[in-house]
Amino acid sequence: MSIDNQGEELHFLSKYSGKRIDKFLVDLMPDASRSFIQKLIKDGHVKSNGKTVKANFKPSMGDEILVYLPKPEEPDIVPENIPLDILYEDEEILIVNKPKGMVVHPAPGHYSGTLVNAVMYHCKDHLSGINGVSRPGIVHRIDMDTTGSLVICKTDHAHQFLAERLKSHDITRKYHAIVHGNLKEDEGTICAPIGRHPQDRKKMSTKSRHPREAVTHYKVLQRFGNYTYIECELETGRTHQIRVHMASIGHPILGDEVYGPSKCPFKLHGQTLHAKVLGFLHPSTGKYVEFDAPLPTYFQELLKKLAL
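An account of the accompanying structure is given in this report. (Residues numbered from 1 in each chain as written. Predicted model: local features only at pLDDT ≥ 70, side-chain atom pairs only at ≥ 80, totals over all residues. Heavy atoms only, no water.)

1. A look at the overall build of the protein
The helix and strand inventory of the protein stands at 6 helices and 15 strands. The C-alpha atoms of the protein give a radius of gyration of 21 Å, which matches the 19 Å a tight globule of 308 residues would have. Principal-axis analysis of the C-alpha atoms gives the protein an extent of 65 × 50 × 35 Å. Considering the protein as a whole, with its 308 residues, one finds that 46% of them fall into the buried category. The long-range fraction of contacts in the protein, counting pairs at least 24 apart against all pairs at least 6 apart in sequence, stands at 66%. Total accessible area computed for the protein in this model is approximately 16,300 Å², and 49% of it derives from carbon and sulfur atoms. (Helix = DSSP H or I, 4+ residues; strand = E, 2+ residues; numbered from the N terminus. Rg over C-alpha atoms; globule rule 2.2 N^0.38 Å. Buried < 20%, exposed > 50% of the residue type's maximum accessible area, 1.4 Å probe, protein only. Contact = heavy atoms within 4.5 Å. Areas by Shrake-Rupley, 256 points an atom, 1.4 Å probe, with all protein chains shown as cover.)

2. Describing the side chain of serine 48
Note on placement: serine 48 falls in strand S2 (residues 46-48). Those residues in contact with serine 48 that sit more than four places away from it in its chain are Val53, Phe57, Asp63, Glu64 and Ile65.

3. With respect to unusual backbone geometry
Phi is mostly negative for residues that are not glycine, and the peptide bonds are mostly trans. Its identity as a non-glycine residue notwithstanding, asparagine 49 has a phi of 55°, on the positive side. Its location among the elements puts asparagine 49 in the loop between S2 and strand S3 (51-52). We note that histidine 240 has phi near 60°; this positive angle belongs to a residue other than glycine. Mapped onto the secondary structure, histidine 240 falls in the loop between strand S13 (227-234) and helix H5 (241-248).

4. Focus: the nonpolar core
Counting residues in each nonpolar core, the largest one holds 31 residues, and the members touching the most others are Leu115, Ile152, Ile230, Ile242 and Met246. Among the elements that line this core, the one with the most residues is helix H3 (residues 115-123), at 5 residues. Core analysis: the second largest hydrophobic core is formed by 16 residues, Leu10, Leu25, Ala32 and Val53 among them. (Core = buried A, V, L, I, M, F, W, Y, C linked by side-chain atoms within 4.5 Å.)

5. Considerations on the pattern of salt bridges
Following the criterion strictly, the structure yields 10 salt bridges and no others. The shortest N-O distance in the salt bridge between glutamate 89 and lysine 154 comes to 2.7 Å. Within this pair, whereas glutamate 89 is found in strand S5 (residues 86-89), its partner lysine 154 is found in the loop between strand S7 (147-153) and helix H4 (156-167), the two being separated by 65 residues in sequence. Under the relative-accessibility criterion, glutamate 89 is labelled partly exposed at 34%. Residue lysine 154 is classed as buried on the basis of its relative accessible area, which comes to 14%. Linked through salt bridges whose partners overlap, the residues forming this network are Lys19, Asp27 and Arg209. (Salt bridge = Lys/Arg side-chain N within 4 Å of Asp/Glu carboxyl O.)

6. Quick look at the sheet that holds S2
The 4 strands lie next to each other as S1-S4-S2-S3, forming an open sheet whose pairing is antiparallel. Whereas interior strands pair on both sides, the edge strands pair on one side only; in this sheet they are strand S1 (9-13) and S3. Judged from the 5 bridges that link them, S1 and strand S4 (residues 64-68) form a sheet pairing that is antiparallel. Among the inter-strand pairings, leucine 13 is bridged to a residue of S4, identified as glutamate 64. Where helix H1 (residues 21-28) meets the sheet, it contacts S1, S2 and S4, and its direction lies at approximately 75° from that of S4. (Pairing = 2+ DSSP bridges. Axes fitted to C-alpha atoms, helices over the stretch in contact; angles between N-to-C directions.)

7. Considerations on the packing of H1 against helix H2 (residues 34-42)
Put simply, H1 and H2 touch, their axes get as near as 9 Å, and they point 125° apart. On the basis of their axis angle, the class for H1 and H2 is oblique. Our pair here, H1 against H2, has a crossing hand that is right-handed. For the pair formed by H1 and H2, the contact residues are Ile21, Asp22, Lys23, Leu25 and Val26 on the first element and Arg34, Ile37, Gln38 and Ile41 on the second. Per-class residue counts for the contact of H1 with H2 are 5 nonpolar, 1 polar and 3 charged. (Parallel < 35°, antiparallel > 145°, perpendicular 65-115°, else oblique. Left-handed = near helix turned anticlockwise from the far one by under 90°. Nonpolar A, V, L, I, M, F, W, Y, C, P; charged D, E, K, R; others polar.)

Here it is in C-alpha coordinates:
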(Lines give C-alpha, C1' and ligand atoms only; values in the text may rest on other atoms or scores of the structure.)
Protein backbone atom coordinates (compact mmCIF):
# COMPACT_ATOMS: atom_id res chain seq x y z
CA MET A 1 0.00 0.00 0.00
CA SER A 2 1.54 3.28 -1.13
CA ILE A 3 1.21 6.52 0.83
CA ASP A 4 1.63 8.68 -2.28
CA ASN A 5 -2.12 9.37 -2.65
CA GLN A 6 -2.48 11.30 0.60
CA GLY A 7 -5.78 13.06 1.26
CA GLU A 8 -7.71 9.79 0.82
CA GLU A 9 -9.09 7.01 2.99
CA LEU A 10 -7.63 3.50 3.18
CA HIS A 11 -9.82 0.59 4.24
CA PHE A 12 -8.54 -2.66 5.75
CA LEU A 13 -10.20 -5.79 7.15
CA SER A 14 -8.47 -7.43 10.11
CA LYS A 15 -7.79 -11.13 9.46
CA TYR A 16 -6.17 -11.74 12.84
CA SER A 17 -6.25 -10.37 16.37
CA GLY A 18 -3.87 -9.56 19.19
CA LYS A 19 -1.48 -7.22 17.35
CA ARG A 20 -1.35 -3.56 18.39
CA ILE A 21 -2.82 -1.17 15.82
CA ASP A 22 0.47 0.54 14.84
CA LYS A 23 2.17 -2.81 14.22
CA PHE A 24 -0.93 -4.02 12.36
CA LEU A 25 -0.82 -1.03 10.00
CA VAL A 26 2.96 -1.18 9.46
CA ASP A 27 2.47 -4.62 7.88
CA LEU A 28 -0.23 -3.28 5.55
CA MET A 29 1.45 0.05 4.71
CA PRO A 30 5.09 -0.87 3.95
CA ASP A 31 5.92 2.59 2.57
CA ALA A 32 4.93 4.27 5.85
CA SER A 33 7.20 4.55 8.88
CA ARG A 34 5.93 3.47 12.29
CA SER A 35 6.31 7.04 13.60
CA PHE A 36 4.12 8.30 10.73
CA ILE A 37 1.44 5.72 11.59
CA GLN A 38 1.64 6.50 15.31
CA LYS A 39 1.07 10.20 14.52
CA LEU A 40 -1.99 9.29 12.43
CA ILE A 41 -3.38 7.38 15.44
CA LYS A 42 -2.54 10.22 17.85
CA ASP A 43 -4.25 12.77 15.56
CA GLY A 44 -7.42 10.68 15.42
CA HIS A 45 -7.09 9.57 11.80
CA VAL A 46 -7.51 5.84 12.47
CA LYS A 47 -10.88 4.25 13.20
CA SER A 48 -12.13 0.72 13.87
CA ASN A 49 -15.74 -0.08 13.08
CA GLY A 50 -16.45 3.67 12.96
CA LYS A 51 -14.82 4.57 16.29
CA THR A 52 -11.55 6.47 16.71
CA VAL A 53 -8.89 4.20 18.23
CA LYS A 54 -6.12 4.83 20.75
CA ALA A 55 -2.48 3.77 20.59
CA ASN A 56 -3.00 0.62 22.68
CA PHE A 57 -5.92 -0.65 20.57
CA LYS A 58 -5.65 -4.20 19.20
CA PRO A 59 -7.93 -5.11 16.27
CA SER A 60 -10.02 -8.25 16.51
CA MET A 61 -10.77 -10.68 13.72
CA GLY A 62 -13.15 -9.07 11.22
CA ASP A 63 -12.72 -5.47 12.43
CA GLU A 64 -12.97 -2.85 9.70
CA ILE A 65 -10.07 -0.40 9.93
CA LEU A 66 -10.20 3.01 8.27
CA VAL A 67 -7.09 5.17 7.91
CA TYR A 68 -7.37 8.76 6.76
CA LEU A 69 -4.23 10.17 5.15
CA PRO A 70 -4.39 13.98 5.32
CA LYS A 71 -2.95 15.80 2.36
CA PRO A 72 0.32 17.40 3.46
CA GLU A 73 1.04 21.06 2.90
CA GLU A 74 3.55 21.48 0.11
CA PRO A 75 6.43 23.76 1.17
CA ASP A 76 7.51 26.50 -1.20
CA ILE A 77 10.48 25.22 -3.19
CA VAL A 78 12.81 28.12 -3.97
CA PRO A 79 15.13 28.21 -7.00
CA GLU A 80 18.76 28.45 -5.89
CA ASN A 81 21.83 29.47 -7.88
CA ILE A 82 23.77 26.25 -7.29
CA PRO A 83 26.41 25.29 -9.89
CA LEU A 84 25.50 22.26 -12.02
CA ASP A 85 27.87 19.87 -13.80
CA ILE A 86 25.92 19.62 -17.06
CA LEU A 87 26.74 16.69 -19.35
CA TYR A 88 24.11 17.52 -21.99
CA GLU A 89 21.14 19.80 -22.54
CA ASP A 90 18.48 20.44 -25.19
CA GLU A 91 14.82 21.54 -25.35
CA GLU A 92 13.52 18.30 -23.81
CA ILE A 93 16.11 16.99 -21.36
CA LEU A 94 18.98 17.98 -19.10
CA ILE A 95 21.67 15.47 -18.05
CA VAL A 96 23.64 16.38 -14.93
CA ASN A 97 26.51 14.78 -13.04
CA LYS A 98 25.22 14.91 -9.44
CA PRO A 99 27.86 15.49 -6.75
CA LYS A 100 28.18 13.56 -3.50
CA GLY A 101 26.12 14.89 -0.62
CA MET A 102 23.39 16.48 -2.74
CA VAL A 103 19.79 15.34 -2.22
CA VAL A 104 17.83 14.99 -5.49
CA HIS A 105 14.49 16.45 -4.41
CA PRO A 106 13.19 18.31 -1.34
CA ALA A 107 12.05 16.19 1.62
CA PRO A 108 11.71 16.74 5.38
CA GLY A 109 15.04 18.10 6.59
CA HIS A 110 16.19 18.91 3.05
CA TYR A 111 14.17 21.78 1.60
CA SER A 112 17.15 23.69 0.21
CA GLY A 113 20.41 22.85 -1.51
CA THR A 114 18.81 20.02 -3.49
CA LEU A 115 19.19 19.21 -7.16
CA VAL A 116 15.61 20.40 -7.70
CA ASN A 117 16.45 23.82 -6.20
CA ALA A 118 19.38 24.03 -8.62
CA VAL A 119 17.55 22.95 -11.79
CA MET A 120 14.62 25.26 -11.00
CA TYR A 121 17.06 28.18 -11.10
CA HIS A 122 18.79 26.89 -14.24
CA CYS A 123 15.69 25.89 -16.22
CA LYS A 124 13.30 28.59 -14.90
CA ASP A 125 9.78 27.49 -15.89
CA HIS A 126 10.94 24.85 -18.37
CA LEU A 127 10.44 21.71 -16.24
CA SER A 128 7.85 18.94 -16.41
CA GLY A 129 5.16 19.17 -13.75
CA ILE A 130 4.08 15.52 -13.63
CA ASN A 131 5.63 14.81 -10.21
CA GLY A 132 4.26 17.97 -8.59
CA VAL A 133 5.86 21.10 -7.19
CA SER A 134 8.40 19.30 -5.00
CA ARG A 135 9.81 17.10 -7.78
CA PRO A 136 9.60 19.06 -11.04
CA GLY A 137 11.42 17.30 -13.87
CA ILE A 138 12.43 14.33 -11.72
CA VAL A 139 11.77 10.97 -13.39
CA HIS A 140 14.32 8.92 -11.41
CA ARG A 141 16.76 9.58 -8.58
CA ILE A 142 19.99 8.43 -6.96
CA ASP A 143 20.95 8.46 -3.27
CA MET A 144 22.40 11.55 -1.60
CA ASP A 145 25.90 10.05 -1.36
CA THR A 146 25.78 8.40 -4.79
CA THR A 147 27.31 10.49 -7.56
CA GLY A 148 26.76 10.51 -11.30
CA SER A 149 24.41 10.90 -14.24
CA LEU A 150 20.78 11.87 -13.81
CA VAL A 151 18.22 12.99 -16.39
CA ILE A 152 15.92 15.96 -15.76
CA CYS A 153 12.83 16.32 -17.96
CA LYS A 154 11.92 19.77 -19.20
CA THR A 155 8.59 18.77 -20.76
CA ASP A 156 5.71 16.51 -19.77
CA HIS A 157 6.17 14.64 -23.05
CA ALA A 158 9.79 13.79 -22.21
CA HIS A 159 8.79 12.81 -18.66
CA GLN A 160 6.02 10.45 -19.80
CA PHE A 161 8.24 8.96 -22.51
CA LEU A 162 11.16 8.22 -20.17
CA ALA A 163 8.91 7.03 -17.35
CA GLU A 164 7.54 4.39 -19.72
CA ARG A 165 11.10 3.37 -20.71
CA LEU A 166 11.98 2.99 -17.01
CA LYS A 167 8.88 0.91 -16.39
CA SER A 168 9.74 -1.44 -19.27
CA HIS A 169 13.45 -1.60 -18.26
CA ASP A 170 14.53 0.04 -21.55
CA ILE A 171 17.03 2.49 -20.05
CA THR A 172 20.73 1.67 -19.71
CA ARG A 173 22.01 2.39 -16.19
CA LYS A 174 25.56 1.33 -15.39
CA TYR A 175 27.14 2.10 -12.04
CA HIS A 176 30.74 1.80 -10.88
CA ALA A 177 31.44 0.74 -7.30
CA ILE A 178 34.17 -0.55 -5.01
CA VAL A 179 33.07 -3.43 -2.80
CA HIS A 180 34.54 -5.26 0.16
CA GLY A 181 36.17 -8.61 -0.54
CA ASN A 182 37.33 -10.46 -3.63
CA LEU A 183 34.42 -11.63 -5.78
CA LYS A 184 34.77 -15.27 -6.83
CA GLU A 185 33.26 -14.84 -10.29
CA ASP A 186 34.22 -12.28 -12.93
CA GLU A 187 30.55 -11.55 -13.54
CA GLY A 188 27.14 -12.54 -12.25
CA THR A 189 23.50 -11.64 -11.74
CA ILE A 190 21.68 -11.07 -8.45
CA CYS A 191 17.94 -11.83 -8.62
CA ALA A 192 16.59 -11.01 -5.16
CA PRO A 193 13.34 -9.09 -4.54
CA ILE A 194 13.71 -5.97 -2.38
CA GLY A 195 11.34 -4.21 -0.02
CA ARG A 196 11.24 -2.32 3.24
CA HIS A 197 13.30 -3.94 6.02
CA PRO A 198 11.01 -5.85 8.43
CA GLN A 199 12.56 -4.23 11.54
CA ASP A 200 14.34 -1.05 10.40
CA ARG A 201 11.97 1.14 8.39
CA LYS A 202 14.82 3.33 7.09
CA LYS A 203 16.50 0.39 5.37
CA MET A 204 15.65 -1.88 2.45
CA SER A 205 16.11 -5.63 2.52
CA THR A 206 15.95 -8.84 0.48
CA LYS A 207 13.99 -10.31 3.42
CA SER A 208 11.10 -7.87 3.29
CA ARG A 209 7.50 -8.91 3.89
CA HIS A 210 6.42 -7.02 0.76
CA PRO A 211 9.31 -7.30 -1.74
CA ARG A 212 9.34 -6.24 -5.38
CA GLU A 213 11.34 -7.83 -8.19
CA ALA A 214 14.95 -6.60 -8.33
CA VAL A 215 17.71 -7.69 -10.72
CA THR A 216 21.32 -6.45 -10.79
CA HIS A 217 24.03 -7.60 -13.22
CA TYR A 218 27.66 -7.11 -12.17
CA LYS A 219 31.12 -7.65 -13.60
CA VAL A 220 34.62 -7.23 -12.18
CA LEU A 221 36.69 -4.36 -13.57
CA GLN A 222 39.74 -4.67 -11.28
CA ARG A 223 40.77 -6.68 -8.22
CA PHE A 224 42.68 -5.26 -5.25
CA GLY A 225 42.90 -8.23 -2.90
CA ASN A 226 40.50 -7.23 -0.12
CA TYR A 227 38.49 -4.97 -2.43
CA THR A 228 37.00 -5.25 -5.92
CA TYR A 229 36.18 -2.54 -8.45
CA ILE A 230 32.99 -3.50 -10.27
CA GLU A 231 30.40 -2.32 -12.77
CA CYS A 232 26.73 -2.93 -11.99
CA GLU A 233 23.95 -2.67 -14.55
CA LEU A 234 20.41 -2.24 -13.30
CA GLU A 235 17.58 -4.22 -14.84
CA THR A 236 15.16 -2.83 -12.25
CA GLY A 237 15.45 0.30 -10.11
CA ARG A 238 14.50 -0.33 -6.51
CA THR A 239 15.54 1.97 -3.66
CA HIS A 240 19.15 1.21 -2.59
CA GLN A 241 19.13 -1.73 -5.03
CA ILE A 242 22.86 -2.09 -5.72
CA ARG A 243 23.78 -1.41 -2.10
CA VAL A 244 21.34 -4.03 -0.79
CA HIS A 245 22.16 -6.61 -3.46
CA MET A 246 25.93 -6.43 -3.01
CA ALA A 247 25.57 -6.60 0.78
CA SER A 248 23.27 -9.61 0.41
CA ILE A 249 26.04 -11.65 -1.25
CA GLY A 250 28.64 -10.63 1.33
CA HIS A 251 30.29 -7.81 -0.65
CA PRO A 252 28.88 -4.49 0.66
CA ILE A 253 29.97 -1.28 -1.02
CA LEU A 254 33.01 0.39 0.50
CA GLY A 255 31.96 3.37 2.61
CA ASP A 256 28.34 2.27 2.95
CA GLU A 257 27.53 2.99 6.59
CA VAL A 258 24.01 1.56 6.31
CA TYR A 259 24.59 -1.84 4.70
CA GLY A 260 28.32 -2.29 5.25
CA PRO A 261 30.79 -2.41 8.15
CA SER A 262 30.48 0.40 10.71
CA LYS A 263 34.19 1.19 10.43
CA CYS A 264 35.83 2.19 7.15
CA PRO A 265 39.63 2.08 6.69
CA PHE A 266 39.47 5.12 4.37
CA LYS A 267 38.21 8.65 4.98
CA LEU A 268 35.03 8.50 2.93
CA HIS A 269 31.66 10.24 3.14
CA GLY A 270 29.17 7.60 2.11
CA GLN A 271 29.33 4.73 -0.34
CA THR A 272 31.72 4.52 -3.32
CA LEU A 273 28.94 4.27 -5.89
CA HIS A 274 28.79 6.28 -9.12
CA ALA A 275 26.09 6.34 -11.80
CA LYS A 276 28.48 6.32 -14.74
CA VAL A 277 26.50 5.50 -17.89
CA LEU A 278 22.96 6.55 -18.70
CA GLY A 279 21.45 5.64 -22.07
CA PHE A 280 17.96 5.77 -23.60
CA LEU A 281 15.93 6.58 -26.70
CA HIS A 282 15.65 10.34 -27.01
CA PRO A 283 12.03 11.46 -26.44
CA SER A 284 12.07 13.71 -29.53
CA THR A 285 14.24 11.90 -32.10
CA GLY A 286 13.69 8.31 -31.00
CA LYS A 287 17.42 7.70 -31.47
CA TYR A 288 19.51 6.06 -28.77
CA VAL A 289 21.70 8.48 -26.82
CA GLU A 290 24.21 7.65 -24.09
CA PHE A 291 25.97 9.79 -21.51
CA ASP A 292 29.06 8.97 -19.46
CA ALA A 293 29.70 10.80 -16.20
CA PRO A 294 33.41 10.83 -15.30
CA LEU A 295 34.37 9.37 -11.92
CA PRO A 296 34.66 11.98 -9.17
CA THR A 297 38.17 12.90 -8.05
CA TYR A 298 37.92 11.11 -4.69
CA PHE A 299 36.92 7.89 -6.47
CA GLN A 300 39.85 8.08 -8.92
CA GLU A 301 42.33 8.77 -6.11
CA LEU A 302 41.00 5.85 -4.09
CA LEU A 303 41.44 3.50 -7.06
CA LYS A 304 45.07 4.65 -7.40
CA LYS A 305 45.67 4.09 -3.68
CA LEU A 306 44.18 0.59 -3.83
CA ALA A 307 46.34 -0.26 -6.84
CA LEU A 308 49.60 0.48 -4.98
